[in-house]
Amino acid sequence: MNAMAKAPLLPWAPEKSGEGASQPEPAAAQQPPRPGLVAGLLLPARLAWRQLRAERARLFSAMAGVMFAAVLVFMQLGFRSALFDSATALLTNMRAELFLMNPLTTASFRPEPLPRVRAHQALALPEVAQAVPVYLAQSTWRNPEDGSRRAIQMIGFDTEAGAMEFEGLDAIGPALRRVDAVGFDDRSRPEFGAVARIFAERGPFEVQVGNRMVQVVGLVSIGPSFGADGNLVMSEVNFRRLIRERQASNTDLVAIRLRPGTDVAAAQQRLREILPPDVVVLTHAELVAHERNYWETATPIGFIFAFGSVMGLIVGMVIVYQILFSDIANHLREYATLKAIGYSNLYLSRVVMAAALILAVIGFIPGAALCVWLYDIVAGATFLPLTMTAERATLVFALIFAMCSAAGLLAMRKLRDASPADMF
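This next bit is on the pattern of salt bridges. Inspection of every chain in the model, using the stated rule, returns 13 salt bridges. The partner of glutamate 236 in a salt bridge is arginine 116, with the nearest N and O atoms 2.5 Å apart. Highlighted residues: glutamate 236 in helix α9 (residues 236-242) and arginine 116 in the loop between β2 (114-115) and α6 (117-122), separated in sequence by 120 residues. Comparing glutamate 236 with arginine 116 shows no difference in burial state: the two are buried. Of the charged contacts, one joins glutamate 191 and arginine 189 as a salt bridge, the two residues approaching to 3.1 Å between their closest N and O atoms.

Okay, structure coming up:
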């Protein structure tokens, strides 16, 4: 009996026997470590890429849609930039710091007359080194090969003053002082004739401009614009010989060169104070901006190019949205399973946004490469300054990414239907 009394209690009652009192209680289940920022971004991207790659035909369709949008936006922005660059090429190549212009002048190809005496009044300031009148007009050029006529822009100025910076102008400056001597823009459209080839073969040759015969004594490089398909440069005297109806007391623009070290803003303010209100004083940047603003706001061309870019983005967004939406719909059970095992809506949203980013990248790269080739073709056909720039490429990629992100945000609404209770 005593032996039985000393027998230990049952092992399932340690609280009565005192056994296990010193044993530590089982540790609480530890939470798995949360992924870092890089892993939180790479894991959804890897899942999105595998999901897109599983449907090759759908992936290529999405790439084509994004590529189409990228090409359309690139071309529209390229044409728009070429329009502004060509329209301001003449003014951009002027060296002066300040300019006098009639307040009613809206664009360089349709200037309002400005009293020439304003140039002499500007010389009253000691800061002004030169005040060079510039004459702008259009006349007809007779093609030396087939005799056809075409409108051409004429630019008259003092060739010794150094107010212009056209490529090739310094080499032919002395020759332009001859009677009826002109310099032809070798970047003009081919409808004016093969002037560069003829000049290389014959040297200076005669051609009819308006009703007068002039002599082409050299070549300069300016480039055509939407306002003029070609350009002629000449001295002020030769300009008056060609445009006899122009009054000698008027000019179209006055280029003012300041002495070295002069404060441009202070000189501009002093000129505004001494000159009458029939003239405006503009800096070089303001003059170019004034010309650019005309083409951007006073004509429908700028709006047309902007509207084309928006339409391209809308079409691309619809295509990407359809791809992402159908992809989510086809994998709705898989998304519900991920929710059932603990993945949040935020994680699944990152998967969809990662897919949108992948589509933006793989569609933008071939689109940009194609546009570089298209720019060369269009520039050769139109003679417009159409080139790919890093700023434009960055802007287009940002627009394409925003387009794909908007499509992803719209497609994520389908994730709300991925409820494990409804799927299983």
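Resuming the write-up.
To continue, consider the packing of helix α12 (residues 301-330) against helix α13 (residues 332-340). Two quantities define a packed helix pair, namely the angle between the helix axes and the distance between the axes. As a packed pair, α12 and α13 sit with axes 4 Å apart at the nearest point and diverge in direction by 65°. Between α12 and α13, the angle falls in the class roughly perpendicular. Contacts between α12 and α13 involve Asp327, Ile328, Ala329 and Asn330 from the first element and Leu332, Glu334 and Tyr335 from the second. Looking at side-chain class alone, the contact of α12 with α13 contains 4 nonpolar, 1 polar and 2 charged residues.

With that out of the way, let us pick up the confidence of the model for the chain. Of the residues in the chain, 88% reach a pLDDT of 70 or more, and the chain-wide mean stands at 82. Predicted confidence for residues 25-32 stays below pLDDT 50, and this span has 0 contacts to residues more than four positions away or in other chains.

It is worth spelling out the nonpolar core at this point. Formed by 45 residues in total, the largest nonpolar core has its most connected members in Val320, Leu359, Ile400, Met403 and Cys404. Broken down by secondary-structure element, the contributors of at least two residues to this core are α3 (37-53), α4 (56-87), α12, α13, α14 (345-382) and α15 (390-411). Among the elements that take part in this core, α14 stands out by supplying 16 residues, more than any other. Apart from the residues lying within four places of it in its own chain, the contact partners of isoleucine 400 are Val66, Ala69, Ala70, Leu313 and Ala360. Residues Leu90, Leu91, Ile155 and Ala163 belong to the second largest nonpolar core, which totals 28 residues.

Here is the key point about a regular strand: its side chains alternate between the two faces of the sheet. Here strand β5 (residues 181-185) lies mainly inside the structure; 5 of its 5 residues are buried. Residues Ala181, Gly183 and Asp185 point to one face of β5 and Val182 and Phe184 to the other, with burial holding for every one of them. Bridge analysis of β5 against strand β7 (residues 212-220) gives 5 bridges, and the strand direction is parallel. Following the sheet pairing, alanine 181 is matched in β7 by glutamine 215. Here β5 pairs with strand β8 (residues 231-235) via 3 bridges, running antiparallel. Each residue of the ladder has a partner; that of glycine 183, found in β8, is valine 233.

Calculation criteria
Residues numbered from 1 in each chain as written. Predicted model: local features only at pLDDT ≥ 70, side-chain atom pairs only at ≥ 80, totals over all residues. Heavy atoms only, no water. Salt bridge = Lys/Arg side-chain N within 4 Å of Asp/Glu carboxyl O. Helix = DSSP H or I, 4+ residues; strand = E, 2+ residues; numbered from the N terminus. Buried < 20%, exposed > 50% of the residue type's maximum accessible area, 1.4 Å probe, protein only. Axes fitted to C-alpha atoms, helices over the stretch in contact; angles between N-to-C directions. Parallel < 35°, antiparallel > 145°, perpendicular 65-115°, else oblique. Contact = heavy atoms within 4.5 Å. Nonpolar A, V, L, I, M, F, W, Y, C, P; charged D, E, K, R; others polar. pLDDT = per-residue confidence, 0-100. Core = buried A, V, L, I, M, F, W, Y, C linked by side-chain atoms within 4.5 Å. Pairing = 2+ DSSP bridges.

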